[in-house]
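Notes for the structure review
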Amino acid sequence: METYDRIVAGSSFSVPKEWLQINTIDMHTGGEPLRVILKGFPKLEGNTVLEYRRYCKDNFDDLRSALMFEPRGHADMYGCIIVPPNDSDGDFGILFLHNEGYSTMCGHAIIAISTLAIQLNWIDAVEGENILKIDAPCGRITSFVTIKDGLVLHVHFHCVPSFVIGLNKEVLLEDYGKITYDLAYGGAFYAYVDLQKNQLDLDLTKESYQKIIHAGMAIKQAIMQKDNEIEHPFEAELSFLYGTIFIDQSTTDKVDSKNVCVFAEGEVDRCPTGSGVSGRMAIHKARKELDFGDTMCIESITNSIFKGSIVAEKDYGPFKAVIPQVEGTAYITGIQTFVIDPKDPMKNGFILR
């Protein structure tokens, strides 16, 4: 009973000075996790978000895996680090972390971090619309946070110029035969595979989770071997295929379609994928299926919904690009202090899938 009484009285742990402590707030947007790293991560050197990203990759990649992988995370964990903006006109910069490395854009993270900016009083928020200028690796994202009665009602953001590289492209896979896909950029490059146009034995339900991963990775790898058009017009570091997005019809009332994205090293997005929805806006505009003033409701594998629309059109290098708008909601799920014991043989994490 004495031991139990001590437990009830309260237990505390003094972290040894040689251990690293990292403070985070965990969130989710449409079910997709975001671990926001706030304190304890070593200082990153650089003058731009891309330079901070490069420095983190070269010097602290073990901390990325420690915070994203098991036992602190899992194979589908996602995170971010807040850094200074690219210039004095920005509010802050953001780096995105996942199981493979560092992505160039993440819409669900923008929605979540914009929500957190209000909840942590990073800005002097007012009733109605509040604007944040966030520098991501792909460029500046303008985020709009709507507040009603002091609470965040929803967030929408304007993505970077999003454009189509090619429609109805084809790739041949040994296990799946000929696959027709669209290739577009919405802050990251995706191959879009419409299940209504392809003879894939696949549906976008939770029960097909492993089949979705297998097919998504196979298609991504085949396209990477074949397609030499994945090139950003201004920044070489953005020129890579990030994922495969499967599209299908939705059975949900007032929802236009369903998105399931397989990205990085086989991660499955729980939300409809903000950068993926941005690329879809460019595709639908190119096909004359969507115009200014139109809105699409797109759901995910968890049935969470993003609203997508087009707010502008502009020339972007050789491309006729659109400025997409994506709307969603995010929530806080936890507050953590992670510690890293230098003697722990699994301090850098591992993944079992």
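Up top you'll find the structure we're talking about.
The notes below deal with the structure included here. (Residues numbered from 1 in each chain as written. Predicted model: local features only at pLDDT ≥ 70, side-chain atom pairs only at ≥ 80, totals over all residues. Heavy atoms only, no water.)

1. Notes on the overall build of the protein
Inclusion rule: Put simply, DSSP H or I for four residues or longer makes a helix, DSSP E for two residues or longer makes a strand, and each gets a number counted from the N terminus. Radius of gyration means the value over C-alpha atoms here, while the globule rule gives 2.2 Å times the residue count to the 0.38 power. Categorising residues by exposure relies on relative accessible area from a 1.4 Å probe, with only protein chains included: less than 20% of the type maximum marks a residue as buried, more than 50% marks it as exposed, and the intermediate range marks it as partly exposed. Every residue pair with non-hydrogen atoms within 4.5 Å of one another is taken to be in contact. Here the Shrake-Rupley method, with its probe set to 1.4 Å, supplies the accessible areas, and only the displayed protein chains count as covering residues.
In terms of helices and strands, the protein carries six helices and 17 strands. Taken over the C-alpha trace, the protein has a radius of gyration of 21 Å; the compact-globule value for 353 residues is 20 Å, and the two agree within 12%. Its C-alpha atoms give the protein principal-axis dimensions of about 70 × 50 × 45 Å. Looking at the protein as a whole, 55% of its 353 residues are labelled buried. Sequence-distant contacts, at least 24 apart, represent 62% of the contacts inside the protein between residues at least 6 apart. Accessible surface, the protein as shown: approximately 16,100 Å² in total, 49% of it carbon and sulfur.

2. Digging into the side chain of Arg280
Let me state the cut-off plainly: Counting rule for charge: Lys and Arg are taken as positive, Asp and Glu as negative, and neither His nor the chain ends is counted. When a carboxyl oxygen of Asp or Glu is within 4 Å of a side-chain nitrogen of Lys or Arg, the pair counts as a salt bridge.
Looking at the element boundaries, Arg280 is found in helix 6 (residues 274–286). Although Arg280 is buried, it makes no salt bridge; Glu289 carries the closest opposite charge, 6.9 Å away.

3. Concerning the nonpolar core
Selection rule: Only buried residues count toward a nonpolar core. Its members are Ala, Val, Leu, Ile, Met, Phe, Trp, Tyr and Cys residues joined through side-chain atoms within 4.5 Å.
The biggest cluster of nonpolar side chains holds 89 residues, and the ones touching the most others in it are Ile141 and Phe246. What Ile141 contacts, discounting residues up to four positions off in sequence, is Met105, Ile110, Leu132, Lys133, Ile134, Ala136, Phe157, His158, Cys159 and Val160. Ranked by size, the runner-up nonpolar core spans 21 residues in total, among them Cys56, Leu67, Phe69 and Ile81.

4. Topic: the packing of aromatic side chains
Two descriptors summarise a pair of aromatic rings, namely the distance from one centre to the other and the angle between the planes of the rings. Which entries qualify depends on this criterion: What counts as a ring pair is set by centres within 6.5 Å for rings of Phe, Tyr and Trp (its six-membered ring), and what kind of pair is set by the plane angle: stacked under 30 degrees, edge-to-face over 60, tilted for all other angles.
Scanning the model with the defined rule gives 15 aromatic pairs in all. Between Phe163 and Tyr185, the aromatic rings sit 5.0 Å apart at their centres with planes inclined by 25°, giving stacked as the arrangement. Of this pair, Phe163 sits in strand 8 (residues 163–173) while Tyr185 sits in strand 9 (residues 177–185); the two residues are 22 residues apart in sequence, bridging distant segments of the chain. The exposure classification of Phe163 matches that of Tyr185, with both residues buried. One aromatic cluster is present, built from ring pairs that chain together Tyr78, Tyr190, Tyr192, Phe240, Tyr242 and Phe263.

5. A closer look at helix 6
An α-helical turn contains 3.6 residues, so a residue and the one three or four places further along point in the same direction. Rule in force here: Here a helix's expected span is defined as the number of its residues, less one, multiplied by 1.5 Å.
Under the 1.5 Å per step criterion, the end-to-end length of helix 6 is 19 Å for 13 residues, consistent within 8% with the ideal 18 Å. Among the 13 residues in helix 6, twelve count as buried, and that is most of the element. When helix 6 is considered as a whole, its buried residues turn out to be Gly274, Ser275, Gly276, Val277, Ser278, Gly279, Arg280, Met281, Ala282, Ile283, His284 and Lys285. At the exit of helix 6 stands Lys288, carrying a positive phi of roughly 60°.

6. Regarding the pairing of strand 12 (residues 257–263)
Applicable threshold: Between any two strands, at least two bridges found by DSSP are needed for them to pair.
Of all the seven residues making up strand 12, seven are buried; the element is thus mostly covered by neighbouring parts of the structure. In the sheet, strand 11 (residues 241–248) pairs with strand 12 via six bridges, with the strands oriented antiparallel. What sits directly across from Ile245, in strand 12, is Cys261. Here two bridges tie strand 12 to strand 14 (residues 295–299), and the two strands are oriented parallel to one another. Across the sheet, residue Lys258 finds its bridge partner in strand 14, namely Glu299. As paired strands, strand 12 and strand 13 (residues 267–268) are joined by two bridges and run antiparallel to one another. Pairing of Phe263 across the sheet is with Glu267, part of strand 13.

7. Remarks on helix 2 (residues 49–59)
Filter applied, for reference: In this description, the arc belongs to the directions extending from the helix axis to the C-beta atoms.
Those residues of helix 2 that fall on the buried side of the exposure criterion are Val49, Leu50, Tyr52, Arg53 and Cys56. Burial along helix 2 is one-sided: seen end-on, the buried residues are contained in an arc of 160°. Those residues of helix 2 hidden inside the fold are in contact with helix 3 (61–68), strand 3 (79–83), strand 4 (92–97) and strand 5 (128–136).

8. So, a nonpolar patch on the surface
Rules: Excluding any residue in a salt bridge, patches collect residues exceeding 30% relative accessible area, merging like charges within 9 Å and nonpolar Val, Leu, Ile, Met, Phe, Trp and Tyr side chains within 5 Å.
On the surface, Met1, Tyr4 and Val8 cluster together into a nonpolar patch covering about 390 Å² of accessible area. Assignment of secondary structure puts Val8 in helix 1 (residues 2–9). Owing to a relative accessible area of 54%, Val8 belongs among the exposed residues under this scheme.

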